[in-house]
Amino acid sequence: MTDIVTFADDFFGAVANGDIDAVRRYYRDDVKVWHNFDNLEQDKATNVATLASIPDRYDTFEYAEIRHTPIEGGFLRQHVIKASRNGKRAYVPAILRVYVEDGQVYRIEEYFDYGQLKSALGF
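As a starting point, this report considers the structure included with it. Predicted model only: the values in this text are computed from it and were never measured.

### Some words on the overall build of the protein chain
Counting its secondary structure elements, the protein chain contains five helices and six strands. Listed by position from the N terminus, the elements making up the protein chain come as α-α-β-β-α-α-β-β-β-β-α. Dimensions of the protein chain along its principal axes, counting C-alpha atoms only, are 40 × 25 × 25 Å. Burial analysis of the protein chain (123 residues in total) assigns 41% to the buried set. By sequence separation, contacts in the protein chain at least 24 residues apart represent 48% of the contacts at least 6 residues apart. Averaging the coordinates of the 15 positive side-chain charges in the protein chain and doing the same for the 20 negative ones gives two points 6 Å apart.

Written out as structure tokens, the structure reads:
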């Protein structure tokens, strides 16, 4: 497998660019994506659909202040979600623990304040 930081850059590049087919290839079929704000796990199909819907839910959406830290079994990803919708803007820090095995993501644990995002954008 390529260096884990390169893997992280490539994987999140696909996410940021809306390359949903590439995201599917990075995910194992049994991937689970957990979010702290609802304590639920998404399966592959649900998470891919969520990522694919970003352009429909936001006027602009990007990741800023990106940092990847290699750790055993994967990496940590820190970023700031910068998004806008109907003239309102949000700037929300997030951290993700990404588990990787044999070149594929099998689990993500995502931590951010969804309430802050909702409040800032008027959801």
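On we go from here.
### Concerning the environment of Asp3
By the element assignment, Asp3 lies in the segment before α1 (4–16). On a C-alpha basis, the gap between Asp3 and Val105 in space is 14 Å, while along the polypeptide they are 102 residues apart. A distance of 3.1 Å separates a polar atom in the side chain of Asp3 from the backbone nitrogen of Val5.

### Some details on the packing of aromatic side chains
The relative placement of two aromatic rings is captured by the distance of their centres and the angle of their planes. Overall, the coordinates contain 13 aromatic pairs when judged by the stated rule. Taking 5.5 Å as the distance between ring centres and 65° as the angle between the ring planes, the aromatic pair formed by Phe11 and Tyr26 counts as edge-to-face. Pair noted here: Phe11 is in helix α1 and Tyr26 is in helix α2 (residues 20–26), with a separation of 15 residues, a long-range link. No difference in accessibility class separates Phe11 from Tyr26, as the two residues are buried. Aromatic side chains Tyr99 and Tyr106 sit 5.7 Å apart centroid to centroid with 50° between the ring planes, which places their arrangement in the tilted category. Since its relative accessible area comes to 18%, Tyr99 is described here as buried. With a relative accessible area of 27%, Tyr106 lands in the partly exposed category. For the cation-ring pair, Arg77 lies above Phe12, with the distance from its terminal atom to the ring centre recorded as 4.1 Å. Above the plane of the ring of Tyr99 lies Arg97, whose end atom (NZ or CZ) is 3.7 Å from the centre.

### Here we look at the sheet that holds strand β2 (residues 40–42)
Hydrogen bonds along the backbone pair up the strands of a sheet, which may run parallel or antiparallel. Here six strands make up an open sheet; going across it, the order is β2-β1-β6-β5-β4-β3 and the pairing mixed. In this open sheet, the two edge strands, each paired with only one partner strand, are β2 and β3 (60–71). Recorded for the sheet is a direction-independent mean angle of 20° between the axes of neighbouring strands. Relative to strand β6 (residues 104–112), strand β1 (residues 27–35) runs parallel, the two sharing five bridges. Note that in β6 the partner of His35 across the bridge is Glu110. In the packing of helix α3 (residues 44–52) onto the sheet, contacts are made with β1 and β2, and the angle to β1 comes to roughly 65°. Seen against the sheet, helix α5 (residues 114–121) touches β4 (74–85), β5 (88–101) and β6 and runs at an angle of roughly 150° to β5.

About the criteria used
Residues numbered from 1 in each chain as written. Predicted model: local features only at pLDDT ≥ 70, side-chain atom pairs only at ≥ 80, totals over all residues. Heavy atoms only, no water. Helix = DSSP H or I, 4+ residues; strand = E, 2+ residues; numbered from the N terminus. Buried < 20%, exposed > 50% of the residue type's maximum accessible area, 1.4 Å probe, protein only. Contact = heavy atoms within 4.5 Å. Lys, Arg positive; Asp, Glu negative; His and termini not counted. Charge placed at Lys NZ, Arg CZ, Asp CG, Glu CD. Polar contact = N/O pair within 3.5 Å; in protein donor to acceptor, adjacent residues only side chain to side chain. Phe/Tyr/Trp six-rings, centres within 6.5 Å; stacked < 30°, edge-to-face > 60°. Lys NZ or Arg CZ within 6 Å of the ring centre and 35° of its normal. Pairing = 2+ DSSP bridges. Axes fitted to C-alpha atoms, helices over the stretch in contact; angles between N-to-C directions.

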